[in-house]
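# Commentary on secondary and tertiary structure
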Amino acid sequence: MADTIDSLRPPLTTHDSSTAPTPSGSNPSSAPGSPKHPFFDYRDERSHLTDAGAFRAELPTAIPPPVASTSVPSSHTLTGQPSLEHLSLSNPSLSPAPSSPSGSTTSTSHTRTRSRSDSLASKAKVKGDLTSPRIANLGLSPIPGTPGGLASVAVEDQEQKEGQANGLGLLEEAWNGAKVDHGAPVLNAEREEADEIDEVFTAQNPHEALTAELRALYESFQRCLDLRDKYMSLSRQRLEDNPANYDGHFSPSSSPSYAATSYIRPVELPKDFEKWRIYPPPPEPHWKERDPEATEPPVVEGAGEGTSEEERVRFDFGRCEVPAREEGRGRTFRLDEGGVYQVYDEDSPTTPLYTVPTLKQYFQDLDVVLNVISDGPTKSFAFRRLRYLESKWNLYVLLNEYRELAEMKRVSHRDFYNVRKVDTHVHHSASMNQKHLLRFIKFKIRRSPNEVVIYRDGKHLTLRQVFESLNLTAYDLSIDTLDMHAHQDSFHRFDKFNLKYNPLGESRLREIFLKTDNYIEGRYLAEITKEIFSDLQQSKYQMAEYRISIYGRSTAEWDKLAKWVIENELFSDNVRWLIQIPRLYDVFKKSGGVNDFQEVVRNIFEPLYEVTADPSSHPELHVFLQRVVGFDSVDDESKAERRLYRKFPVPKDWNTTQNPPYAYWLYFLYANITSLNNWRHERGFNTFWLRPHAGEAGDTDHLTSAFLTSQSISHGILLRKVPALQYLFYLKQIGIAMSPLSNNALFLTYERNPFPNFFRTGLNVSLSTDDPLQFHFTKEPLLEEYSVAAQIYKLSPADMCELARNSCAQSGFEMEIKRHWLGQDWYLPGKDGNWIHKTNVPNLRAEYRRATLQEEMNMIAMVKENPSALDNSAVEQATSSDAAASSQAPPLSQRAQEPLMTSDNVGAAAMGASGTNLHMPGLNASGSASVNGR
Ligand SMILES: [Zn+2]
């Protein structure tokens, strides 16, 4: 398989030498005097479109150089550079009118551009390729206008062109790709063959195109997807697994099965689960939302209805229910030999209740995924699909930008400012901006200079003494002396960046102001946290998921943290917590804090198992955990990971001073969360997601282990280097909380950030701030993040609202709250799940995303639905079995295509109204039907 697809690249010569001059040979003669020819014009029109960013990258690499160089100047003189407006005016296909007769054909020219990268020639091999061979031939075609190169096609084109005196006519022709499509000077026989293959490729039954190579590709992708499904369901990290999502309306079985590609697999909800209650309850909505479908005129509501800020229910620990040990079920837990907590039934104390993949199994599965994503053909395939998706997006935007805007204008009340946005990745101790921290420090020096704040070197020090020892007064303090911005000197210096957490470069100030566990029991940090909470609440539409550390140095950390939260009443309707676990085993080991890795595992997880067994043993922890949505794993990913062992030892044998690699860390977080989640689910307690930092720097296999184990990730910028994995992240819609401003300061400059590409491709990305203390300047760092991205990447209002919607969906807030933010069935794909009057995301957009994802999923799923597929070797056999398959195929194929075939398919309609001649799968569902009819 590998060699087949790779060998598709070179064989220019055989084809060209027999039919026409080779590109290099034809070059000199054609350059200056080449006549007006649609092929040229077409190409030029396309090249001017590269402004939109769509095709620029492809053209230079894909077209044989001589062609490119000659075609551009000649056509410049021909048609000039019609503007985009011209394009859409002159050609109905570009206007959104649904009745446009040629609307669908726009895609053809698009496909052609794409196909230039697919330099294929040999027809036998073409079968194995992923694009239409007719299209592929175009990419190889000698330059039109050269002697012999055009053959009969030139005449045809010449005739067609008569009467089209001006450039616009040519342009139109270019867009009505069907005519131009035959511009390739191939031999008749070859053309027939190509058409035949093309027919196979776009035929009604997609399975007919399933050749051995494709089959192998799909199978490998499917295997990876299945593996992830397995890991997610075993660890209960799916949406329907968390009892906090059972709000009385949503239950796992209430979701329709067609949502399977998106979020939900139906499971029966155990009978004894009650509706999840959030305490303190979220505030009532100020405005009564109007039903968008309602026909009666809007009722004018008085502003300020419902609870005001002051009327929010305050947290009262006394009113929290803390259950006791569960009677009758008889559960015990212990750490097994492999460093994983297991839960046992008392009746069978040797067999664990829940399935947890073993370390060996995990590394084997990891190997499977690694092999798939490093395989050459898989990479090329994924790369092309991603390119295709991005190009398709660009086309979608060209066609629909104004329609989207019109749709948004029709929505009353909503705009970007009042749709909900969640800061999906922000570290709590860096969540205030510098000005805020500075003001707070000055305030404390002024108001309570004589408070004892720290014990250092055998002495108790007051705040005044601390600043005296630093030789500073409150007056001296400024943002410059604080020196916490990571803008100039931290690039690729994570070590330096870590030091930026120290105000004035002093670790003792960090300890006083930014730690929860210090001499003043984290009181200062709690006070400043409350101020942040209040800012968020005032903004109303901004939420945050703060990372707060558990190090694994001692089992007492959890109780201390929980007490800090409870006693300082750090509860807000706008805030949920994630626990970040710094990968600092080596540091603890060197300082003698722990002996082996298993101790770290025990320190992190034992209290969680204890509190699950008997919440009354750690009541504060139990209540705090209700507001914890997941675990994060943090550290400098760019540190080198030395492979010490051929086979990884279990944690109790890991006693070197070397830190375990990322994948090993992640396994032990995953495995221990797995038993924990299952047990908590059984008890009706909320479960946790694993949402580590992954792919910020370092090895790309971090992302692979995250793909298996993690519900979503932060950063992910390295996905740009691993197309196959990126494609898998797309297919699974794994959430990626990206922070381009943070990357800009640390690892990747802003303009090179893959964020806009990911967004266009359709990955499930959101914007987040990471560390406002180091990176942001304004009081609303999340809006700053959106605003910079919008300016630099030219995001439209619809884009911003879609990003905001993504962030809410990715967040760990409870179902009841998300429903209020996003709409009743927000978890459904497409327009069913998009309530535009809440999200302000155009339905057109939602439907486009759904249809596009559905298409990719259907394509990959072909292997599943067509087990009796082609033999691995014989192409002839393939044709005959195709025939056989097509006779039985309709029901199968209809099923596969069903979601796309609905007549009210907005997404498909969006991409071209009539869609009768489409050859590009997924642009329009009806495309295949037309091919069938010919
Ligand atoms: Zn971070």
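Residues numbered from 1 in each chain as written. Predicted model: local features only at pLDDT ≥ 70, side-chain atom pairs only at ≥ 80, totals over all residues.

Stated formally: UniProt positions are given in the numbering used here, feature names are shortened, and annotations may be inferred rather than shown by experiment.
By the naming in an unreviewed UniProt entry, the protein is AMP deaminase, taken from Rhodotorula toruloides. Recorded in UniProt for the protein, the comment headed Cofactor (unreviewed entry) runs: "Zn(2+)". The record held by UniProt for the protein lists under Pathway (unreviewed entry) the comment "Purine metabolism; IMP biosynthesis via salvage pathway; IMP from AMP: step 1/1."

## Considering the overall build of the protein
This is how the line gets drawn: Counting from the N terminus, the helices are the DSSP runs of H or I reaching at least four residues and the strands are the DSSP runs of E reaching at least two. Residue burial is a threshold on neighbouring C-beta atoms within 10 Å of the residue's own C-beta, all placed from the backbone, with 20 or more meaning buried, 12 or fewer meaning exposed, and counts in between meaning partly exposed. For the purpose of contact definition, each residue receives a C-beta atom placed from its backbone, and two residues are in contact when these atoms lie within 7 Å.
When its secondary structure is counted, the protein shows 41 helices and 14 strands. The buried share among the 934 residues of the protein stands at 50%. Contacts in the protein between residues at least 24 apart in sequence constitute 73% of all its contacts with a sequence separation of at least 6.

## Things to note about helix 22 (residues 507-514)
Residues spaced three or four apart along an α-helix point in a common direction, a consequence of the helix completing one turn every 3.6 residues. What counts, and what does not: In this description, one arc is meant: the one made by directions from the helix axis to the C-beta atoms.
Turning to helix 22, its buried residues are Leu-509, Ile-512, Phe-513 and Leu-514. For helix 22, the angular spread of buried residues about the axis comes to 155 degrees, placing them on one side.

## Notes on the environment of Val-369
Positionally, Val-369 belongs in helix 16 (residues 359-374). Along the primary structure Val-369 and Arg-228 are separated by 141 residues, whereas in three dimensions their C-alpha atoms are 9.7 Å apart. Val-369 has contacts with Cys-224, Leu-227, Thr-704, Phe-707 and Leu-708, leaving out every residue within four places of it along the chain.

## Quick word on the nonpolar core
Nonpolar side chains in soluble globular proteins tend to end up buried together. Rules: Think of a nonpolar core as buried Ala, Val, Leu, Ile, Met, Phe, Trp, Tyr and Cys residues, each tied to the set through C-beta atoms within 7 Å.
Within the largest apolar cluster, 163 residues are counted, with the highest numbers of intra-cluster contacts made by Tyr-667, Leu-669, Leu-725 and Leu-728. For this core, the element with the most residues is helix 28 (residues 662-683), which contributes 13 residues. Once residues lying within four places of it in the same chain are set aside, the contact partners of Tyr-667 are Leu-359 and Tyr-362. Core analysis: the second largest hydrophobic core is formed by six residues, Leu-395, Leu-399, Leu-844 and Ala-851 among them.

## Here we look at the sheet that holds strand 12 (residues 712-715)
The test is simple: Pairing between two strands requires that DSSP report at least two bridges joining them. Helix axes use the C-alpha atoms of the stretch in contact, all axes being lines fitted to C-alpha atoms, and the angles between their N-to-C directions lie in the range 0 to 180 degrees.
Spatially, four strands are ordered 11-12-13-14 in an open sheet, and the strand pairing comes out parallel. Lying at the two open borders of the sheet, with one neighbouring strand each, are strand 11 (693-694) and strand 14 (765-767). Pairing of strand 13 (residues 735-738) with strand 14, which is carried by three bridges, proceeds in the parallel orientation. Residue pairing across strands places Ile-736 opposite Val-765, the latter belonging to strand 14. Against the sheet, helix 35 (residues 797-810) engages strand 12, strand 13 and strand 14, with an angle of about 100 degrees to strand 14.

## Digging into the pairing of strand 9 (residues 628-634)
Among the seven residues of strand 9, six are classified as buried, and the element is accordingly described as predominantly covered. Note: strand 8 (residues 575-582) against strand 9, six bridges, orientation parallel. When the sheet's bridge partners are listed, Leu-578 is paired in strand 9 with Gly-630. Strand direction decides the pairing type here: strand 9 and strand 10 (residues 689-690), joined by two bridges, are parallel. If you follow Phe-631 over to strand 10, its bridge partner there is Leu-690.

## Some thoughts on the packing of helix 29 (residues 701-709) against helix 30 (residues 723-732)
Angle between the axes and distance between the axes are the two parameters that describe a pair of packed helices. The condition is simple: When describing relative orientation, an angle under 35 degrees is termed roughly parallel and one over 145 degrees roughly antiparallel, while 65 to 115 degrees is termed roughly perpendicular and anything else oblique. In this scheme, a crossing is called left-handed if the near helix is turned counterclockwise away from the far one by less than a right angle; it is called right-handed if the turn is clockwise. Under the grouping applied here, Gly and all other residues not named as nonpolar or charged are polar, the nonpolar ones being Ala, Val, Leu, Ile, Met, Phe, Trp, Tyr, Cys and Pro and the charged ones Asp, Glu, Lys and Arg.
With their axes 11 Å apart at the nearest point, helix 29 and helix 30 run at an angle of 25 degrees to one another. On the basis of the axis angle, helix 29 is roughly parallel to helix 30. The two elements helix 29 and helix 30 meet at a crossing, and its hand is left-handed. Residue-level inspection shows Leu-703, Thr-704 and Phe-707 of helix 29 in contact with helix 30, the latter providing Leu-725, Leu-728 and Phe-729. Residues belonging to the contact of helix 29 with helix 30 are distributed by class as follows: five nonpolar, one polar and no charged.

## Digging into the sheet that holds strand 8
Think of a sheet as strands paired side by side through backbone hydrogen bonds, with each pair either parallel or antiparallel. The strand order across the open sheet formed by five strands is 4-7-8-9-10, and the pairing between neighbours is parallel. Each of the sheet's edge strands pairs with one partner strand only, and the pair in question is strand 4 (421-427) and strand 10. Note that strand 4 and strand 7 (residues 542-549) share five bridges and pair parallel. Paired with Lys-421 across the two strands is Gln-542, which belongs to strand 7.

## So, the environment of Phe-605
Residue placement: Phe-605 occurs in helix 26 (residues 597-613). Sequence separation between Phe-605 and Ile-673 is 68 residues; the distance between their C-alpha atoms is 8.4 Å. Here Phe-605 is in contact with Tyr-341 and Asn-672, once residues within four sequence places are set aside.

## Some points on unusual backbone geometry
With omega at -10 degrees, the peptide bond leading from Tyr-279 into Pro-280 counts as cis. For Glu-569, which is not a glycine, the phi torsion comes out positive at approximately 50 degrees. With respect to the helices and strands, Glu-569 occurs in the loop between helix 24 (557-567) and strand 8. For His-715, which is not a glycine, the phi torsion comes out positive at approximately 80 degrees. Along the chain, His-715 falls in strand 12. On the basis of neighbour counts, which here come to 27 C-beta atoms within 10 Å, the residue His-715 falls in the buried class.

## A look at the environment of Ala-640
Within the secondary structure, Ala-640 is located in the loop between strand 9 and helix 28. Each C-alpha atom of the pair Ala-640 and Gly-698 lies 7.4 Å from the other, and the pair is 58 residues apart in sequence.

## Brief notes about the confidence of the model for the protein
Reading fine detail from the predicted coordinates is not recommended where pLDDT is low. The condition is simple: Each residue carries a pLDDT value, the predictor's own confidence for that position, ranging from 0 to 100.
Summarising the model, the protein shows a mean pLDDT of 74, and 65% of its residues fall at 70 or more. Taking the mean pLDDT of every element in the protein, the minimum, 33, falls on helix 41 (residues 926-932) and the maximum, 97, on helix 32 (residues 755-761). Here residues 298-307 scores under 50 on pLDDT; set against residues more than four positions off or in separate chains, the count is 12 contacts.

## What to know about the packing of helix 15 (residues 212-234) against helix 38 (residues 843-865)
At their nearest, the axes of helix 15 and helix 38 sit 8 Å apart, and the two run at 100 degrees to each other. Judged by the inter-axis angle, helix 15 sits roughly perpendicular to helix 38. Contacts between helix 15 and helix 38 involve Arg-215, Tyr-218, Glu-219, Phe-221 and Gln-222 from the former and Ile-860, Met-862, Val-863 and Lys-864 from the latter. In the contact of helix 15 with helix 38, the residues fall into five nonpolar, one polar and three charged.

## Quick look at helix 30
Burial runs high along helix 30: nine of the 10 residues are buried. Of all the positions in helix 30, only Pro-723, Ala-724, Leu-725, Gln-726, Tyr-727, Leu-728, Phe-729, Tyr-730 and Leu-731 are classed as buried. Those residues of helix 30 that are buried lie in contact with helix 15, helix 16, helix 17 (376-409), helix 29, helix 32 and helix 38. Of the residues one or two after helix 30, Gln-733 is the one with positive phi, at around 50 degrees.

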